[in-house]
Amino acid sequence: MTRRAGWGFRPAVFEGLARAALLLLTGLTSGCAVNPVTGQSELMLVSEEQELILGRQAYPSLVWQDGGPYRDPQLHGYLSGIVRRLHAVSHRPNLPVDFTIENSSVPNAWAIPGHTAINRGLLVAVENEAQFAFVMGHEMGHVTSRHSAQRQTYGTLAGLGALMAQVAVGTQRDPRARQTGEVLVGLGMIGTSLVLLKYDRGQETQADHLGVLYLARTGYDPREAVAAHQSLQRAVEDFLGARGEKPGSGSFLDDLLSTHPRSEVRIQDVAQVTKELASDIRMEGDGKFRDRWLLQTAEIRQAQQAYLAFDQAQTAYLKNDLLGAERHLTAALQRDDRQPPFYALRGAIHLRQDRVQDALGSFQRALSLDPEFQPAIHGLGAVLFVRQDYQGAIPSLHRSLEIFPDFVPSHYLLGLTYSRLGQYRQALPHLKVVTEASPKHPMIYGLLAEALERSGDLRGAYAAYQAQLQVAPNSELGQRARERVGTLRASLSTPYSSRSMRLHLTLPGGWSLADEREERRGGEALFQRETPRVLLRVASTDFDAPQSVEQRLDEWIDRAMRGEGYRVTGVERNLSVAGQRGIAKEVEYRSRGETIERTFIAFAHGGRVYWLDIAATRDTRRDRGVRQELSAILRSLNF
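Before going into details, it helps to say that this report is about the structure given with it. Because the structure is a prediction, the values reported are computed rather than measured.

Thresholds, definitions, all that
- Residues numbered from 1 in each chain as written.
- Predicted model: local features only at pLDDT ≥ 70, side-chain atom pairs only at ≥ 80, totals over all residues.
- Heavy atoms only, no water.
- Helix = DSSP H or I, 4+ residues; strand = E, 2+ residues; numbered from the N terminus.
- Buried < 20%, exposed > 50% of the residue type's maximum accessible area, 1.4 Å probe, protein only.
- Pairing = 2+ DSSP bridges.
- Axes fitted to C-alpha atoms, helices over the stretch in contact; angles between N-to-C directions.
- Contact = heavy atoms within 4.5 Å.
- Parallel < 35°, antiparallel > 145°, perpendicular 65-115°, else oblique.
- Left-handed = near helix turned anticlockwise from the far one by under 90°.
- Nonpolar A, V, L, I, M, F, W, Y, C, P; charged D, E, K, R; others polar.
- Phe/Tyr/Trp six-rings, centres within 6.5 Å; stacked < 30°, edge-to-face > 60°.

### Quick look at the environment of A437
Piece 1. Within the fold, A437 resides in helix α22 (residues 424–437).
Piece 2. Looking at A437, the relative accessible area reads 4%, which means it is buried.
Piece 3. Between the alpha carbons of A437 and V408 there is a distance of 7.3 Å; along the sequence they are 29 residues apart.

Below is the structure:
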């Protein structure tokens with residue numbers, strides 16, 4: 001049986017991906033669809049049903065990453081009516097649609113298949129119904145034009161897993177935060193907006209045109225589209241000003257401005273589209289409805305003043321300035337004492353200060369105002385965890401994840417909670433979520449390793465302990481990991497034999513056979529170590545050519561490097577391997593921004609020439625554990 005892989009410092013899986021890509025390309029004719037806006041056929045590998053499924057899956061986490069819904073039934077009903085009217089005149093009125101007011105000061109709006117939303121920070125900045133209708137029409141235009149599906153098709157939409165890597169599970173500064181998981185209370189989880197806004201300039205222009213069209217079709221003055229652009233520009237500048245920043249200063253909103261540029265060129269383009277629609281305009285009333293707008297939004301605009309102080313409290317909290325956070329939060333509560341986020345933030349501050357009973361009261365007060373306020377539900381679970389009431393914490397933490405499935409702090413606390421109860425199998429899926437979201441967390445691999453070992457997965461535990469040594473080797477968990485690695489290495493050793501290569505070796509724990517090829521006159525095998533990643537290739541063939549071992553080695557290196565720009569950094573011509581005298585050459589090259597070091601070794605034995613090829617990043621090759629394992633493999637070679 002032959003299994004062939006692409007050798008070198010490239011996993012064999014890339015060949016599988018290449019084959020998949022080829023299959024994809026050969027089947028593109030079945031992946032074409034008519035764009036509902038342009039009427040033209042285009043490549044589309046995401047069906048309408050799949051769009052809606054993706055929207056349903058993404059929506060809960062997207063909502064809560066921006067702070068959760070702002071609860072005001074009367075305002076929500078008023079704005080939902082405008083959105084439904086826009087949707088009815090859009091190019092895809094057959095789709096379901098709903099509307100959410102996001103409780104975030106970030107001036108933004110977004111839409112995904114089945115869902116639309118505007119942030120509080122932008123809602124209070126627009127000046128009338130027509131401007132709101134343009135903003136929502138623009139975002140809905142992205143959906144009607146299938147821009148998200150296009151991004152999925154071409155692989156440019158970042159996944160939520162990547163997004164969640166931005167969420168702080170714990171802080172280095174605060175042991176309490178590391179233990180309980182940060183009680184995020186809408187604390188600027190700003191990544192979502194930017195993911196949703198990463199359309200190209202052509203898509204943004206098309207959405208602008210559709211926003212103007214839908215505005216006119218619903219009886220609003222399309223000239224307010226230009227004013228809406230200007231309102232957003234002012235809102236962004238005001239938001240940055242409140243944070244002591246300016247556009248171009250490296251703020252996250254620079255990305256928003258770069259993808260939604262409010263340039264003169266773009267405003268002129270919108271104005272031109274408005275002129276072209278002039279003959280078709282059938283405005284209702286004055287087409288703006290400013291008075292009705294101001295009346296319906298009066299309460300949220302008043303609440304916005306309190307949220308300005310709340311935003312300052314959030315900023316102070318994230319800087320670990322708890323006294324400053326309390327001061328600004330008190331000012332926010334004096335302006336408006338009916339906002340659940342204010343009490344949830346107070347609970348987070350109290351928990352950080354070890355005022356557990358006060359934290360409990362604050363979270364309960366938030367839940368009395370909104371029983372579904374996810375940050376407070378998580379906070380309640382965190383309080384119970386700190387009190388070591390692990391059984392009591394579990395329902396709150398699970399409820400938190402029902403509302404916000406990708407909330408990493410709740411996964412973290414559930415992993416800890418189940419581990420404390422000795423229920424390690426239940427802990428595993430939650431701990432694994434955290435390793436994916438926060439791969440540099442100083443504790444998570446050690447916790448995961450213990451759960452894996454207690455669950456009987458010794459190989460998985462070995463790999464997790466190795467990862468802990470990479471992230472935080474000098475911590476208490478790092479010391480524990482070092483002990484367990486030493487103990488598990490021997491028990492997990494695996495013998496490997498190849499009749500065609502005529503050799504035997506032993507793989508330490510954490511190593512596995514990735515691929516092999518056997519032939520009558522030789523063969524080759526690829527072994528790999530996952531974390532940190534190391535590749536070891538071993539091969540042999542009949543030594544029936546006139547070249548010397550060194551000449552054969554040089555040919556081997558040239559074939560293996562495949563034209564890479566490498567340099568030889570060392571040569572050893574009197575190397576002893578498995579009782580044989582051989583030659584080794586070290587080479588170095590750059591790949592994807594990292595320095596890769598490879599050691600090529602060749603020696604002759606019993607009419608055969610044997611090669612070894614070891615590849616890893618420079619830092620990995622300097623890892624003491626890795627060096628010890630490679631030495632053990634070489635010592636185990638026998639024929």
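### Let's talk about the sheet that holds strand β4 (residues 109–112)
Piece 1. Across the sheet, three strands lie side by side as β3-β5-β4; this open sheet has mixed pairing. Pairing within the sheet leaves two strands with one partner each, and these edge strands are β3 (98–102) and β4. Between one strand axis and the next, the sheet turns through 15° on average, direction left out of account.
Piece 2. With four bridges joining them, β4 and strand β5 (residues 115–119) adopt antiparallel strand pairing. Among the inter-strand pairings, A111 is bridged to a residue of β5, identified as T116.
Piece 3. Contacts from helix α3 (residues 73–88) reach β3 and β5 within the one sheet, and its direction differs from that of β3 by about 130°.

### Brief notes about the packing of α22 against helix α23 (residues 444–454)
Piece 1. Running from amino to carboxyl end, α22 crosses α23 at an angle of 150°, the nearest separation of the two axes being 9 Å. By the angle class used here, α22 and α23 are roughly antiparallel. Remark: the crossing between α22 and α23 carries left-handed chirality. Between α22 and α23, the contacting residues are Y424, L428, L431, K432, V434 and T435 on the first element and I444, Y445, L447, L448, E450, A451, L452 and R454 on the second.
Piece 2. Tallied by class, the residues present in the contact of α22 with α23 amount to 10 nonpolar, one polar and three charged.

### Section: the pairing of strand β9 (residues 522–529)
Piece 1. Where burial is concerned, most of β9 is hidden: eight out of the eight residues are buried.
Piece 2. When strand β8 (residues 511–519) meets β9, the two strands line up antiparallel, connected through eight bridges. The residue bridging L513 from the neighbouring strand is F527, located in β9.
Piece 3. If you look at the hairpin formed by β8 and β9, you'll find two residues sitting between the two strands.
Piece 4. Here β9 runs beside strand β10 (residues 534–542); their pairing, made up of eight bridges, is antiparallel. The partner of G522 across the bridge, within β10, is T541.
Piece 5. Linking two consecutive strands that pair antiparallel, namely β9 and β10, is a turn of four residues.

### Focus on the packing of aromatic side chains
Piece 1. Inspection of the entire model under this criterion finds 16 aromatic pairs.
Piece 2. Look at Y59 and W110: their rings are 6.4 Å apart centre to centre, the planes differ by 55°, and that puts the pair in the tilted class. Here Y59, found in helix α2 (residues 48–65), pairs with W110, found in strand β4; they are 51 residues apart in sequence, far enough to count as distant. Comparing Y59 with W110, the two get one shared label, buried.
Piece 3. An aromatic cluster is defined as three or more aromatic residues linked by ring pairs; in this entry it consists of Y78, F99, F132 and W293.

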